[in-house]
Amino acid sequence: MSKLTATRRLSPQELDAFGAELDALRARTMAQVGKVDADYIRKVVRWMRFIGFGGRALLMVGAIGGAFVPWLLWPACILGALMLGLAKILENMEVGHNVIHGQYDFMADPQFNSHTYEWDIVATSDNWRHSHNFRHHTYTNVRGMDDDIGYGLLRIFPEQRWRPFYLLQPFIAVVFALYFQWGVAIQELKLGRWVARKMPKGKMRRDFAPVGRKMGRQLLKDYVLFPALAGPFFLPVLLGNLAANGIRNVWTYVVIFCGHFTADAETFPKESIRNESRGHWYMRQLRGSSNIGGGRLMNLLTGNLSHQIEHHFYPDVPAHRYGALSVEVREICARYGQPYNTGSLPRQFGEVAWRILRHAFPSRPRRSTTSRKLQTA
Amino acid sequence: MYICIHGCADGCTVVPMSTVQPKKPARRSPLRRLATPFVAPPVFDFWAQRLHPTWSWDRALARVVALAPAASNAVTLTLKPNRHWAGALPGQHVNLTAEIDGVRITRSYSLDAPVAADGRVTVTVKGVDGGRMSGHLLAAARRGDVLDIGPAFGDLVLPAKPEGAWLFLAAGSGVTPLMALVRQLAGQDMPVPVTLVYWARTRAELCFVQELRALAARHPGFNVRFVLTRETAGADDEAAGRIDAALLDALVPDLAARQVYACGPGGFVATATTLLEGRVPLLRSEAFTPPPMPATDDSGTVEVRLARSGRALQLPRGVALLQALEAEGLKPKSGCRMGICNTCACGKAVGATRDLRTGTPHTEATAALKLCVSSAVSDLVLDL
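Since this is a predicted model, take the numbers as computed values, not measurements.

About the cut-offs
Residues numbered from 1 in each chain as written. Chains lettered and ligands numbered in written order. Predicted model: local features only at pLDDT ≥ 70, side-chain atom pairs only at ≥ 80, totals over all residues. Helix = DSSP H or I, 4+ residues; strand = E, 2+ residues; numbered from the N terminus. Rg over C-alpha atoms; globule rule 2.2 N^0.38 Å. Buried ≥ 20, exposed ≤ 12 C-beta atoms within 10 Å, placed from the backbone. Contact = placed C-beta atoms within 7 Å. Pairing = 2+ DSSP bridges. Axes fitted to C-alpha atoms, helices over the stretch in contact; angles between N-to-C directions. Parallel < 35°, antiparallel > 145°, perpendicular 65-115°, else oblique. Left-handed = near helix turned anticlockwise from the far one by under 90°. Nonpolar A, V, L, I, M, F, W, Y, C, P; charged D, E, K, R; others polar. pLDDT = per-residue confidence, 0-100. Domains from an automatic or database assignment. Arc of directions from axis to C-beta.

1. Considering the overall build of chain A
Reasoning step 1: Along chain A, the regular secondary structure elements total 15 helices and two strands.
Reasoning step 2: For 377 residues, the compact-globule estimate of 2.2 N^0.38 gives 21 Å, and the C-alpha radius of gyration of chain A, at 22 Å, lies within 12% of that figure.
Reasoning step 3: Each of the three principal axes of chain A carries a C-alpha extent, and together these read 70 × 50 × 40 Å.
Reasoning step 4: Here chain A, with 377 residues, has 45% of them falling under the buried criterion.
Reasoning step 5: Nonlocal contacts in chain A, meaning residues at least 24 apart in sequence, comprise 72% of its contacts between residues at least 6 apart.

In structure tokens:
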């Protein structure tokens, strides 16, 4: 039950032309990057800091004030947790993720430097640069190379081998969503390999050291220092911070899963990327990614990952431009008979949820999917 | 000869060459040391700058407190640095960074006066054709703007107790560090005889004229001569013509006894060095290096210095730097090799590169040059 129209097979020449048009669009866009983009990211940072400050202040008001004026406790704490969660979402998605991609390196501002920016999440920016910027973005949805396929925990595609363990995945997926930041933090450590003793001695200790430090820092900040500011009334602050982190976890999980695991998203075998042309790389990004419709607020709250396709085409173009770029991207894709996967958030996430449920049980690739499989140019 | 970077001239290279440091940064208070592990500097700066534009946890920032025209195409900026800036000696220069169209641009400028008692400093910036920074400072900078100010460097400084007779040779904006020395000596009531010979194309381009004439009138040991290359001499203290042996001998009869500092464009300083080397007891100079010229063809090689490993390599133009470095046996960090993952991005302190995807040249220093999709255009200094 695909919502996409049939895909036209492209000859190698057509693939090259497809890639050249998308490259030209990137070059035209990069030539305009400048003050608008610098102003935009500073504006987002400004809002993020004010909202975050407001959230933390409200938690304090709720915790301390609530001890004396009981009706204050719940409204202030709920609003505070929501605002803090929102600030963390903005920081992680629109600022952190995009800055670490190098979208704002053109500014030469040390505060927006892709190699030194450290984001407000337990995962280290360094591990993210490798697992996300390199592995995930270069080998998007290539089995065995993109570790984001099910995060080594879930079976999302029928091409992944089924094991009885996956029967638990509807439950595991929920827990994973609630603690998503921890999953991302340990993704690069390859715990599975360590448990199976397939790792050189001492490697785990070395790899864990920076991750452990970052985890400690984050825990100290959200669960010791800020609660301690409320003195004996620390508990509501601590729980509010827990809720804010939880809100951020679930939201990032939803957005990221909608980006690559909708019904029509495809995975690819390793062979498909041998001597891959630029055009083929674009086509693979297109087929492995899906957008979320919903306008400007959705764009902001997802750090513009609502335009996952444009993001995968142009990971280093300032993300707030994706919306404008998408008009031309859609037109190019339509001209080459390539599907452009987009839908509302409920629809896209519904498809993800169905995949998680369906592939918990044994399944085989559908023939229609295989027929649309990318041919290697 | 010291390559100066200095300057007034836009587009010149920014390399700290000097070992002379004015003074150590202020000692950190114990309270501050205690707080450091808990402070995220960008967050601190964000909130501190709601209160005051130059408050910062660790960045040296300076606010523009006054702007005044200095000549037909020059402006004097008065800056008030915050306490993270460690100061400078007269004759030294600093890197100033401004954000222009969303991009931070850094250029080096000499202070044109000793640091004032209240910490204020002044720089005089001359407009350069097509210069982004000088264009910005002349046309767009306003009172209240905030610039990053780097540590001072440069060896064109006077000994603690100057002795003997001195000669300062300045051309164009090369006058600024020498002006700082003149003002320093004037503040000490001119303890030694000094002559300043100052070249410019036209009278309208001369800076500090009234002040220099007033100083010459007040201090018998101080002489100033303005030399014009595109106009004829008028006043008594004016002359005309480019620098040569006859002109120098005419302007400075006791040339052989003078200790000489020279500052100006590369050609001027090279000529001065040829004329004076061995003939005077001391010769020290600074020259502006011209901006890297984007080459039109991709043939030949360039010298690439790797700042962290201290190596220097000859690498071909027109080839991705990553590939060229690997061909030399180096293994810089890399990933996608197609310009998307940012793994190979490294700092570029000096030089021009070209983005192989778009053909766009990049001449500014950057913290993130993608080696896999950039080729060398001029000599480079990379942070590898």
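Next comes the rest of the write-up.
2. Comments concerning unusual backbone geometry
Reasoning step 1: The backbone of N275 of chain A sits at a positive phi, close to 50 degrees, despite the residue not being glycine.
Reasoning step 2: If you trace the backbone, N275 of chain A turns up in the loop between α9 (234-260) and α10 (278-288).
Reasoning step 3: Judged by local crowding, N275 of chain A falls into the exposed class, with 7 C-beta atoms found within 10 Å.
Reasoning step 4: Positive phi, close to 75 degrees, is recorded for N342 of chain B, a residue that is not glycine.
Reasoning step 5: Tracing the sequence through the fold places N342 of chain B in the loop between α8 (321-327) and β16 (346-350).
Reasoning step 6: Judged by C-beta crowding, with 24 C-beta atoms within 10 Å, N342 of chain B ranks as buried.

3. Section: the interface of chain B and chain A
Reasoning step 1: Counting from both sides, the interface comprises 19 residues of chain B and, opposite them, 26 residues of chain A.
Reasoning step 2: Among the secondary structure elements, those contributing two or more residues to the side of chain B that touches chain A are α2 (41-51), β5 (103-110) and β19 (366-369) of chain B.
Reasoning step 3: In terms of residues, the side of chain B that touches chain A owes the most to one element, β19 of chain B, which gives three residues.

4. Digging into the sheet that holds strand β21 (residues 380-382) of chain B
Residue and element names in this part refer to chain B.
Reasoning step 1: The strand order β15-β14-β21-β16-β19 describes an open sheet built from five strands, whose pairing is mixed. A strand with exactly one partner marks an edge of an open sheet, and here the two such strands are β15 (311-316) and β19. Taken pair by pair, the neighbouring strands of this sheet meet at an average axis angle of 35 degrees, ignoring direction.
Reasoning step 2: Bridge count for strand β14 (residues 301-306) against β21 is three bridges, and the pairing is parallel. Each bridged residue has a counterpart across the sheet, and for L306 the counterpart in β21 is L382.

5. What to know about the packing of helix α1 (residues 12-30) of chain A against helix α13 (residues 322-335) of chain A
Residue and element names in this part refer to chain A.
Reasoning step 1: Packing of α1 against α13 leaves a shortest axis separation of 11 Å and a crossing angle of 165 degrees. One finds that α1 runs roughly antiparallel with respect to α13. Here the hand of the crossing between α1 and α13 comes out right-handed. Taken together, the residues of α13 that come into contact with α1 (itself represented by E21, L22, L25 and T29) are L325, E328 and I332.
Reasoning step 2: Here the residues of the contact of α1 with α13 are counted per class, giving four nonpolar, one polar and two charged.

6. Concerning the confidence of the model for chain B
All names here are of chain B.
Reasoning step 1: Confidence along chain B averages 90 in pLDDT terms, with 91% of residues attaining 70 or more.
Reasoning step 2: Here residues 1-22 is modelled with pLDDT under 50, and outside its nearest four sequence neighbours on either side it reaches 82 contacts, counting other chains as well.
Reasoning step 3: Scored by ipTM, the complex comes to 0.88, with pTM at 0.91.

7. Looking at the domain arrangement of chain B
In many reports, interface size means the accessible area that the parts give up when they come together.
Reasoning step 1: Looking at the assigned domains, one finds that chain B contains domain 1 (1-27 + 60-291) and domain 2 (301-382).
Reasoning step 2: With centres defined by C-alpha atoms, the gap from domain 1 of chain B to domain 2 of chain B works out at 34 Å.

8. Considering helix α6 (residues 180-187) of chain A
Residues and elements named next belong to chain A.
Reasoning step 1: Turning to α6, its buried residues are F180, Q181, V184, A185 and Q187. Axial view of α6: buried residues confined to an arc of 160 degrees, hence all on one face.
Reasoning step 2: In the core, the buried residues of α6 are packed alongside α4 (125-138), α5 (169-178), α8 (203-229) and α9.

9. A look at the pairing of strand β7 (residues 146-149) of chain B
Residues and elements named next belong to chain B.
Reasoning step 1: Relative to β7, strand β2 (residues 61-71) runs antiparallel, the two being bridged by three bridges. Paired with A62 across the two strands is L147, which belongs to β7.
Reasoning step 2: Pairing analysis gives two bridges linking strand β4 (residues 93-100) to β7, with the strands arranged antiparallel. Among the inter-strand pairings, T97 is bridged to a residue of β7, identified as D148.

10. Some words on the sheet that holds β7 of chain B
Residue and element names in this part refer to chain B.
Reasoning step 1: If you walk across this open sheet you meet the six strands as β5-β4-β7-β2-β3-β6, and the pairing is antiparallel. Each having just a single partner strand, β5 and β6 (121-126) make up the two edges of the open sheet. Averaged over all pairs of adjacent strands, the angle between their axes in this sheet comes to 40 degrees, without regard to strand direction.

11. Remarks on the environment of V250 of chain A
Residue and element names in this part refer to chain A.
Reasoning step 1: Its place among the elements puts V250 in helix α9.
Reasoning step 2: Distance from V250 to V174, taken between C-alpha atoms, is 8.9 Å for residues 76 residues apart in sequence.
Reasoning step 3: Beyond its immediate sequence surroundings of up to four residues, V250 is in contact with A177 and L178.

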